[in-house]
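An overview of the molecular structure
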Amino acid sequence: MLYQQVAAELRRAIYSGVLGPGSQLPTEAQLMEDHGVSRNTVRLALGELVNEGLVTRTPRRGTVVRDRRPLLIYPQRELEPQPSGELREAFAYAVAQEGREPSQYIEVLTVSPVEEIASRLELADGELAVVRRRLRFVDGQPYNTNDSYFPRDLVADSEIARPGDIARGANRVLEELGHAQVRVTDDIWARMPNQEEAERLQLELGTPVMVYVRVGFDGADMPVRVAVSVLPADKHLIRYELDGR
C-alpha cells in the first residue's frame with residue numbers, strides 16, 4: 001500500500017534521528033509532492049504514525065515528532081542499598097540518577113482488594129489492604145501509575161497507612177517493621193489502556209501500556225507488598241541484568 005511506504009520512510013527518519021523530538025514533519029502538500037501521492041494517502045500514513053505514538057498533531061504546528069525519551073528502569077536494583085546520605089524512595093532515586101526531576105500525587109486508601117491482589121497477598125476472606133495510589137511525574141509530565149498494596153494488619157500503625165509522601169520509601173518502612181523484602185516476583189505483560197488510564201496518563205491515541213506487577217516477600221516468605229504499575233510503552237525501557245558468574 002502506498003500509504004504504508006510513506007509511513008515507513010517517515011518512520012525511518014524518526015528512528016534514525018533525522019527527525020528528532022519536536023521536529024515538524026513536512027506539510028501534507030509537501031509530502032504529496034515529494035512522494036507523488038494523494039492527500040488521502042498522506043493522511044493515512046500520518047494517521048498510522050499517530051497510532052504508533054511516534055508523532056502528534058497540533059492545530060498550529062501541524063504534525064510533530066513526540067519526545068520519546070524513555071525512563072530506564074532496572075527492576076533488580078529496587079532493593080539494593082542506596083549510597084549513604086542519599087536514602088530516597090526507589091522511583092525518585094532512579095529518576096534523579098538520570099538527571100531528571102521526579103514528583104508524584106499520592107492517595108492512600110483502605111480497601112477490600114480485588115481477588116487478584118488478595119490472592120497475591122494471601123489475604124483471608126474479609127481481610128483489608130492499604131493501598132498507596134500514585135500518579136508519577138518525570139520533568140512535570142505524567143509517566144506512570146503505581147498502586148502498592150499492603151496487608152492492613154501489618155501496616156495500620158505506620159506511615160504507609162497515612163497520607164503523604166514517604167521520603168525514604170515504603171520499602172524502608174517495611175524493613176523498620178521487621179518485614180524487609182528479601183525476595184520478589186515480577187509479572188509483566190502488555191495491553192491497551194482503559195479510559196481512566198489514558199486520561200490520567202494523558203496518552204496519545206494508540207499508545208499501549210505495560211502492566212508490571214511485583215510481589216515482595218519477607219524473610220518468612222510472607223507476601224508484604226503487591227505493586228501494580230501501568231507504564232506507557234513509549235516512555236519506559238525495562239532492563240534486567242543477569243550475571244551467571
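Quantities reported herein were computed from a predicted structural model and do not represent experimental measurements. (Residues numbered from 1 in each chain as written. Predicted model: local features only at pLDDT ≥ 70, side-chain atom pairs only at ≥ 80, totals over all residues. Heavy atoms only, no water.)

1. Here's the deal with the sheet that holds strand β4 (residues 102-111)
Applicable threshold: Note: two strands are recorded as paired if DSSP finds a minimum of 2 bridges between them. Only DSSP runs of H or I with at least four residues qualify as helices, and only runs of E with at least two residues qualify as strands; both kinds are numbered from the N terminus onward. Interaxial angle, 0 to 180 degrees, is taken between N-to-C directions of lines fitted to C-alpha atoms, where a helix line uses only the stretch in contact.
If you trace the 6 strands from one edge of the open sheet to the other, you get β4-β5-β6-β9-β8-β7, paired in antiparallel fashion. Two strands lie at the open edges of the sheet, namely β4 and β7 (183-191), each paired on one side alone. Sheet twist, expressed as the mean angle between neighbouring strand axes with direction ignored, is 15 degrees. In the sheet, β4 pairs with strand β5 (residues 129-138) via 10 bridges, with the strands oriented antiparallel. Bridge assignment links glutamate 107 to a residue of β5, and that residue is arginine 133.

2. Here's the deal with the environment of glycine 219
The condition is simple: Between two residues, a contact is recorded if the distance between any of their heavy atoms is within 4.5 Å.
In this fold, glycine 219 is placed in the loop between β8 (209-217) and β9 (223-232). Not counting the four nearest positions on each side in its chain, glycine 219 is found in contact with Ala180 and Val182.

3. Notes on the nonpolar core
Heads up, the condition is: Definition of nonpolar core: a set of buried residues of the types Ala, Val, Leu, Ile, Met, Phe, Trp, Tyr and Cys, connected through side-chain atoms within 4.5 Å. Only protein chains enter the calculation, and the probe is 1.4 Å; a residue is then buried if its accessible area is under 20% of its type maximum, exposed if over 50%, and partly exposed in between.
One finds Leu10, Ile14, Leu19, Leu25, Leu46, Leu49 and Val55 to be the most contacted residues of the largest nonpolar core, which totals 18 residues. Looking at this core, the elements with two or more residues in it are α1 (2-16) and α3 (39-51). In contact with leucine 49, other than residues within four places in its own chain, are Ala7, Leu10, Arg11, Leu25, Leu54 and Val55. In this structure, Ile117, Val215, Phe217 and Val226 belong to the second largest nonpolar core, which totals 13 residues.

4. With respect to a nonpolar patch on the surface
As a reminder, the rule being used: To count toward a patch, a residue needs a relative accessible area above 30% and no salt bridge. Like charges then connect within 9 Å, nonpolar side chains (Val, Leu, Ile, Met, Phe, Trp, Tyr) within 5 Å. Working definition of accessibility: Shrake-Rupley area with a 1.4 Å probe, residue cover restricted to the visible protein chains. For salt bridges, the criterion is a side-chain nitrogen of Lys or Arg within 4 Å of an Asp or Glu carboxyl oxygen.
On the surface, a cluster of nonpolar side chains totalling about 340 Å² of accessible area is made up of Ile188, Tyr240 and Leu242. Within the element layout of this structure, tyrosine 240 appears in the segment after β10 (236-238). The class of tyrosine 240 is partly exposed, set by a relative accessible area of 39%.

5. Quick notes on the domain arrangement of the protein
Keep this limit in mind: Here the limits of each domain have been adopted from an automatic or database domain assignment. In short, buried area is how much 1.4 Å probe accessible area vanishes from two parts on joining, totalled over both. Under the rule applied, a polar contact is a pair of N or O atoms within 3.5 Å (in protein, one hydrogen donor and one hydrogen acceptor; residues adjacent in sequence only if both atoms are side-chain atoms). Amino acid classes used here: Ala, Val, Leu, Ile, Met, Phe, Trp, Tyr, Cys and Pro are nonpolar; Asp, Glu, Lys and Arg are charged; the rest, including Gly, are polar.
Splitting the protein by domain gives domain 1 (1-65) and domain 2 (71-238). When each unit is reduced to the centre of its C-alpha atoms, the spacing between domain 1 and domain 2 is 37 Å. Listed as interface residues are 4 residues of domain 1 and, on the opposing side, 5 residues of domain 2. With both sides pooled, the region where domain 1 packs onto domain 2 buries about 340 Å², and carbon together with sulfur makes up 37% of that total. Across the contact surface, domain 1 and domain 2 share 0 salt bridges. The tally of links from domain 1 across to domain 2 stands at 0 residue pairs in polar contact (both at pLDDT 80 or more). Residue classes in the side of domain 1 that touches domain 2 are distributed as 1 nonpolar, 3 polar and no charged.

6. Focus: the pattern of salt bridges
A full pass over the atoms with the stated rule returns 19 salt bridges. Between arginine 100 and glutamate 98 there is a salt bridge, with the nearest N and O atoms lying 4.0 Å from each other. According to the relative accessible area criterion, arginine 100 is buried, its value standing at 8%. Linking glutamate 197 and arginine 191 is a salt bridge whose minimum nitrogen-to-oxygen distance equals 2.9 Å.

7. Points about the packing of aromatic side chains
To keep things clear, this is the line we draw: Two rings belonging to Phe, Tyr or Trp (six-membered ring only in the last case) form a pair when the distance between their centres is within 6.5 Å. Interplanar angles under 30 degrees mark stacking, angles over 60 mark edge-to-face geometry, and anything in between is tilted. Only lysine NZ and arginine CZ atoms are considered, and such an atom sits over a ring when it is within 6 Å of the ring centre and within 35 degrees of the ring normal.
Evaluation of the coordinates by the stated rule reveals 0 aromatic pairs. The lysine or arginine in question, arginine 183, covers the ring of phenylalanine 217, its NZ or CZ lying 4.0 Å from the ring centre.

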